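Residue-level listing of the chains:
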Amino acid sequence: MRKLVFLVWASLSFGQAQAGDLSWYLWQDVEGIDFGGFVTDLRAVKVIASEDGKDKRIVYGDKQGQIHVVRFEKDRFQDEWTSPTLRSAIAEIFIADVNVDDEVEIVAYTELGDIVFYRSSDYKLIWRSTQDDYASIAAMTLENIDD
């Protein structure tokens, strides 16, 4: 909390922000950033939304190595699920149908080499790498290479 207060104070003190001007925070005037720099631009935050738009969930990873899901209910997002802790901070999260079962999965990895796949409907672990599979992971992408 002290860091946040300091950053706000520093921004206002050094003339970087004007009262009532939130564009510095939302990045809404920056071309090439979708939705004003919101969820879709963050690597460890993704959205799961039903086709009709009524069911909305945000999936995000934290520095402690946990994946969190919050669901929009009763006009606000409420905690729904938290994963077991991985060995390091969540580097990136993907939402994709990786096993072609017409249901999206939550895929995440850490820089220390953990990879996990969870079913999005009940958050059951589908697959997890072992500790000696990878020493580190710098980046990852999902692709269907065998159809």
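First, a word on scope: everything that follows refers to the structure included in this document.

Conventions used here
Residues numbered from 1 in each chain as written. Predicted model: local features only at pLDDT ≥ 70, side-chain atom pairs only at ≥ 80, totals over all residues. Heavy atoms only, no water. 1 Å grid on protein atoms, 1.4 Å probe; cavity = no way out; pocket = protein on both sides within 12 Å on 5 of 7 lines; lining within 4 Å. Points joined across faces, edges and corners; volume = space filled by probe spheres on them. Nonpolar A, V, L, I, M, F, W, Y, C, P; charged D, E, K, R; others polar. Pairing = 2+ DSSP bridges. Helix = DSSP H or I, 4+ residues; strand = E, 2+ residues; numbered from the N terminus. Axes fitted to C-alpha atoms, helices over the stretch in contact; angles between N-to-C directions. Core = buried A, V, L, I, M, F, W, Y, C linked by side-chain atoms within 4.5 Å. Buried < 20%, exposed > 50% of the residue type's maximum accessible area, 1.4 Å probe, protein only. Contact = heavy atoms within 4.5 Å.

Describing the layout of surface pockets
So, step 1. The space that makes up the largest pocket amounts to roughly 260 Å³.
So, step 2. Lining the largest pocket are Ala96, Asp97, Val98, Val100, Phe117, Thr141, Leu142, Glu143, Asn144, Ile145 and Asp146.
So, step 3. Class assignment of the residues belonging to the lining of the largest pocket gives a composition of 6 nonpolar, 2 polar and 3 charged.

Describing the sheet that holds strand β7 (residues 115-119)
Within a sheet, adjacent strands bond to each other through the backbone by hydrogen bonds, running parallel or antiparallel.
So, step 1. Pairing within the open sheet is antiparallel, and its 4 strands lie in the order β5-β6-β7-β8. Edge positions in the sheet fall to β5 (90-96) and β8 (125-128), since each of these pairs with one other strand and no more. Averaged over all pairs of adjacent strands, the angle between strand axes in this sheet comes to 15°, irrespective of strand direction.

Some points on the nonpolar core
So, step 1. Counting residues in hydrophobic clusters, the biggest one holds 14 residues, and the most contacted among them are Val59, Ile67, Ile90, Ile93 and Ile106.
So, step 2. At the level of elements, β3 (67-73), β5, β6 (105-110) and β7 are the ones that each hand at least two residues to this core.
So, step 3. Discounting chain neighbours no more than four positions away, the residues touching isoleucine 90 are Ala44, Gly61, Asp62, Gly65, Gln66, Ile67, Ala108, Tyr109 and Thr110.
So, step 4. Grouped together as the second largest cluster of nonpolar side chains are 8 residues, Ala91, Phe94, Ile137 and Met140 included.

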